[in-house]
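Observations on the model geometry
Single-letter residue listing:
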Amino acid sequence: MQKFITEQNFNTLIDRLIGAGKRVVAPKLNAGTVLYEPLSGSGEMVLDQLPRRSGKEAFFPLCEDIVSYEKEGQKVKLTDIDPALFPETLLVAVRPCDTAAIPVLDAVFSWDYKDQFFLERRNKTTIIGLACTSSDDACFCTAVGISPDDRRGSDLFMTQLEGGGYLCETHSEKGEALLTAHAELFTEPNSQKAKPLAKPEVEKVDLQKVKAWLDNNFEDPAWDSIATRCVGCGACAFVCPACHCFDIVDEGTEKSGKRRKNWDACGFWKFTHHASGHNPRDGQPKRYRNRIMHKFKYYDDKFGQTLCTGCGRCIRLCPVGIDIAEIVGDISRKN
Ligand code: SF4
Ligand code: SF4
């Protein structure tokens, strides 16, 4: 289904949903940084910047409780978190490099083990994607097969039009339900042209060549030169829309506390630290190699696609200037 909505009516839609108690998450300014965060009104939306972190936090929180415990005498009382209580959420103005990562996450969390925490939040989230009309030097979505108007992962997709307003296309039942429930705010599409997309000026990477090199060069000396300078801060994983590793830890005292699921990063030295003290990835190059292998080989071996959407966030934020686009481009030219 295709419809048109004016900017004013779009704001009315957002305010109406917030007023009805829905959790609406969108790019919003927080202490000088744009992040996807819950809104208290449509006026808080920032629609012309890529948020610093990805939108996955709306349904895959950085930290979440999964059970709490309390010792009463000799007994331990466990209290489960009920995923059914997670709120219905509308995630708005999500850029294609973020939405394209959502099916990637869905596949991981519903593969051999169905993660109810992720899946319940995900089922309750409706995604409104927004086409990009600006890009910067770090963006490289087109190099890895994504486009600035990629519809993957969006329930409803919006494209800004030259004369104002948005063309809205539904891509799922959730998108159709949203549009139908507020039909009076939408009109039939008009003949206005879409604003030009921001296509990053980058060379397309041959991902098959990258994978072929990775298949055969686990021990290549290039890994040392690529990643000796990595400081293991984990920023690249924490801002990435597709990274999904987490750790489960107990936080509290012997009397009471919580079991929590916290994001993790393969750049951290403790990520593969065994209880014996042995660490099979005992240096930063081995940890960074895992990052590239996971994104461009292991995930592809398992699910038939790559684990990078070219959002460029890890390039913008790496404190030592490690550039994944450059690394993958160099690998693709090796054979
Ligand atoms: S690896 Fe870097 S560029 Fe690729 S999706 Fe993750 S943060 Fe974005
Ligand atoms: S952001 Fe840069 S320094 Fe930090 S872990 Fe990632 S590659 Fe290493």
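Bear in mind that the values here come from a model prediction, so they are computed numbers and not experimental data. (Residues numbered from 1 in each chain as written. Chains lettered and ligands numbered in written order. Predicted model: local features only at pLDDT ≥ 70, side-chain atom pairs only at ≥ 80, totals over all residues. Heavy atoms only, no water.)

1. Overview of the overall build of the protein
Helix and strand content of the protein: 11 helices and 11 strands. With the principal axes as the frame, the protein shows a C-alpha extent of 65 × 65 × 40 Å. Partitioning the intrachain contacts of the protein with sequence separation of at least 6 by distance along the chain shows that 71% fall at a separation of at least 24. For the protein, the computed accessible surface area is about 16200 Å², with 50% contributed by carbon and sulfur atoms. Between the averaged position of the 44 positive side-chain charges in the protein and that of its 47 negative side-chain charges there is a distance of 2 Å. (Helix = DSSP H or I, 4+ residues; strand = E, 2+ residues; numbered from the N terminus. Contact = heavy atoms within 4.5 Å. Areas by Shrake-Rupley, 256 points an atom, 1.4 Å probe, with all protein chains shown as cover. Lys, Arg positive; Asp, Glu negative; His and termini not counted. Charge placed at Lys NZ, Arg CZ, Asp CG, Glu CD.)

2. As for the packing of aromatic side chains
All chains considered together, the criterion is met by 13 aromatic pairs. Three or more aromatic residues link up through ring pairs in this structure, and these residues are Phe-59, Phe-60, Phe-109, Phe-118, Phe-238, Phe-246, Trp-263 and Phe-268. The side chain of Lys-56 reaches across the aromatic face of Trp-263, ending 4.5 Å from its centre. Note that Arg-289 overlies the ring of Phe-218, its terminal NZ or CZ placed 3.6 Å from the centroid. (Phe/Tyr/Trp six-rings, centres within 6.5 Å; stacked < 30°, edge-to-face > 60°. Lys NZ or Arg CZ within 6 Å of the ring centre and 35° of its normal.)

3. Brief notes about helix H9 (residues 284-303)
An α-helical segment advances 3.6 residues per turn. Residues three or four places apart therefore align on the same side. A rise of 1.5 Å per residue sets the reference length of H9, with its 20 residues, at 28 Å; its end C-alpha atoms lie 27 Å apart and thus fit the reference within 8%. Along its length, H9 reaches its greatest deviation from straightness, about 55°, at His-294. Counting buried positions over the 20 residues of H9 gives 14, a clear majority of the element. (Expected span 1.5 Å × (residues − 1). Bend = angle between axes of the 7 residues up to and from the residue. Buried < 20%, exposed > 50% of the residue type's maximum accessible area, 1.4 Å probe, protein only.)

4. Looking at the site of ligand 2
Inspection of the region around ligand 2 gives Cys-230, Val-231, Gly-232, Cys-233, Gly-234, Ala-235, Cys-236, Tyr-288, Cys-318, Pro-319, Val-320 and Ile-322 as its neighbouring residues. Of the residues belonging to the shell around ligand 2, the class tally is 10 nonpolar, two polar and no charged. (Near = heavy atom within 4 Å. Nonpolar A, V, L, I, M, F, W, Y, C, P; charged D, E, K, R; others polar.)

5. Thoughts on the pairing of strand E8 (residues 156-160)
Of all five residues making up E8, five are buried, and the element is well covered by its neighbours. Of the two faces of E8, the one holding Leu-156, Met-158 and Gln-160 and the one holding Phe-157 and Thr-159 are both buried throughout. Pairing of strand E7 (residues 125-130) with E8, which is carried by three bridges, proceeds in the parallel orientation. Pairing of Gly-129 across the sheet is with Phe-157, part of E8. Across five bridges, the pairing between E8 and strand E9 (residues 166-170) is antiparallel. Residue pairing in the sheet places Leu-156 in a bridge with Thr-170 of E9. (Pairing = 2+ DSSP bridges.)

6. A few points about the sheet that holds E9
Spatially, the seven strands line up as an open sheet ordered E1-E9-E8-E7-E6-E2-E3, and their pairing is mixed. Of all the strands in the sheet, just strand E1 (2-5) and strand E3 (33-38) have a single pairing partner and so form its edges. Across the sheet, the mean angle from the axis of one strand to that of its neighbour is 25°, orientation sign disregarded. Pairing analysis gives four bridges linking strand E6 (residues 89-94) to E7, with the strands arranged parallel. Residue pairing across strands places Leu-91 opposite Ile-127, the latter belonging to E7. Against the sheet, helix H1 (residues 7-19) makes contact with E1, strand E2 (23-30), E6, E8 and E9, and its axis sits at roughly 155° relative to E6, the strand it touches most. (Axes fitted to C-alpha atoms, helices over the stretch in contact; angles between N-to-C directions.)

7. Remarks on the packing of helix H6 (residues 207-216) against H9
At a minimum axis separation of 10 Å, H6 and H9 run at an interaxial angle of 100°. Viewed along their axes, H6 and H9 adopt a mutual orientation that is roughly perpendicular. Contacts between H6 and H9 pair Leu-207, Gln-208, Val-210, Lys-211, Leu-214 and Asp-215 from the former with Ile-292, Met-293, Phe-296, Lys-297, Asp-300 and Asp-301 from the latter. Looking at side-chain class alone, the contact of H6 with H9 contains six nonpolar, one polar and five charged residues. (Parallel < 35°, antiparallel > 145°, perpendicular 65-115°, else oblique.)

8. Overview of the pairing of strand E4 (residues 63-72)
Pairing of E4 with strand E11 (residues 256-263) involves seven bridges; the strand directions are antiparallel. Across the sheet, Tyr-69 pairs through a bridge with Gly-257, a residue of E11. Where E4 lies against strand E5 (residues 75-80), six bridges are found, and the strand directions are antiparallel. Each bridged residue has a counterpart across the sheet, and for Glu-70 the counterpart in E5 is Lys-77.

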